[in-house]
Amino acid sequence: PASLKPARKDAVTYLEGGPGGAATEEAAVRSQQLVTLNTLRDILLVDQRGTGRSSPHGGDVTQYGTRMAMDDLDAVRAALGYRQLDVIGSSYGATAAQVYLKLHPSSVRTLILSGGTAIDVPFFGRYAVNAQRALDQLAKRCASDPTCQNAFPDWEREFGAHVKAWNAHPVNGMTGDELASIVHAMLLDGTKAVSIPLVVSSAAEGDYAPLERAGSGGLDADLNLMGSSIWCNEPWAGLDAKGPWGTDFDSYTTARIAAFRQECSSVPK
């Protein structure tokens, strides 16, 4: 509830990412981030179907899609008497927020999208290209820093060469696609991305310790009911995307799409 009364007629709602995250499980974090907004406005957190404490709808995977969840959100808004919502969406939550705006435009007062993709641009259609663009930006930053350039003069070319070579003959128990998955995961976090030149250059010299410390990426697609409904049935996911995209992440992206399509092969449409 808002800390001052009476509260404004519009509530702030946060849509969690994933897909698979529960909004109420982020309550403590979001309350801290939205403390200023919470002064005059209630914070409304609704668990999307298949997450948190939302009531299950049985095993029918077709009942857990984004459209249905956004209709649920608007039903909650109306039931609680809020005139409009100030919608904040992060990652997949930003996708859901766009769907909410499309379905219930009169219910939206403001919209904030964080780390999202446009719903008319297939997610996997730009996956490899965006990863390469981030890698190229990192390479430019390293090249502009004499210390980085002198220490790691050829790391981006080495990365591309390793992806191809390790796919043909895995090294240290790792394929090239697995290497690309780790680098991609590091690119998503600025504090980790700065270590990519070290990780790649060390691996090129046969020192795999920095790579092992870098964590893990992900090639598998482990989907729950909600995830299956969304990834397998919604066009924005872009599971029909096909290369080549002309990047060092082409084979990794193809492997990721194949993993999702395999998971979706038995999912009702």
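Focus: the state of the cysteines
The full count for this structure, using the stated rule, is 2 disulfides. Residue Cys 142 pairs covalently with Cys 148 via a disulfide, S to S 2.0 Å. Across the S-S bond of Cys 142 and Cys 148 the torsion is about -100°, and the bridge reads as left-handed. Per residue, the accessibility class of Cys 142 equals that of Cys 148, and both read buried. In this model Cys 232 forms its disulfide with Cys 264; the gap between the sulfur atoms is 1.9 Å. Disulfide Cys 232-Cys 264: torsion about the S-S bond near -80°, hence left-handed. Taken together, the residues Cys 232 in helix 11 (residues 225-233) and Cys 264 in helix 12 (residues 250-264) connect sequence positions 32 residues apart. Cys 264 gets classed as buried once you look at its relative accessible area, which sits at 7%. Counting its disulfide-bonded cysteines in sequence order, the protein chain shows a connectivity of 1-2, 3-4.

Examining the sheet that holds strand 4 (residues 108-114)
Pairing is parallel in the open sheet, where 4 strands are placed in the order 2-1-3-4. A single partner strand is all that each edge strand has here, and the edge strands are strand 2 (43-44) and strand 4. One ladder, built from 2 bridges, connects strand 1 (residues 10-15) with strand 2; its direction is parallel. Paired with Thr 13 across the bridge in strand 2 is Leu 44.

What counts, and where the lines are drawn
- Residues numbered from 1 in each chain as written.
- Predicted model: local features only at pLDDT ≥ 70, side-chain atom pairs only at ≥ 80, totals over all residues.
- Heavy atoms only, no water.
- Disulfide = S-S within 2.5 Å.
- Buried < 20%, exposed > 50% of the residue type's maximum accessible area, 1.4 Å probe, protein only.
- Helix = DSSP H or I, 4+ residues; strand = E, 2+ residues; numbered from the N terminus.
- Pairing = 2+ DSSP bridges.

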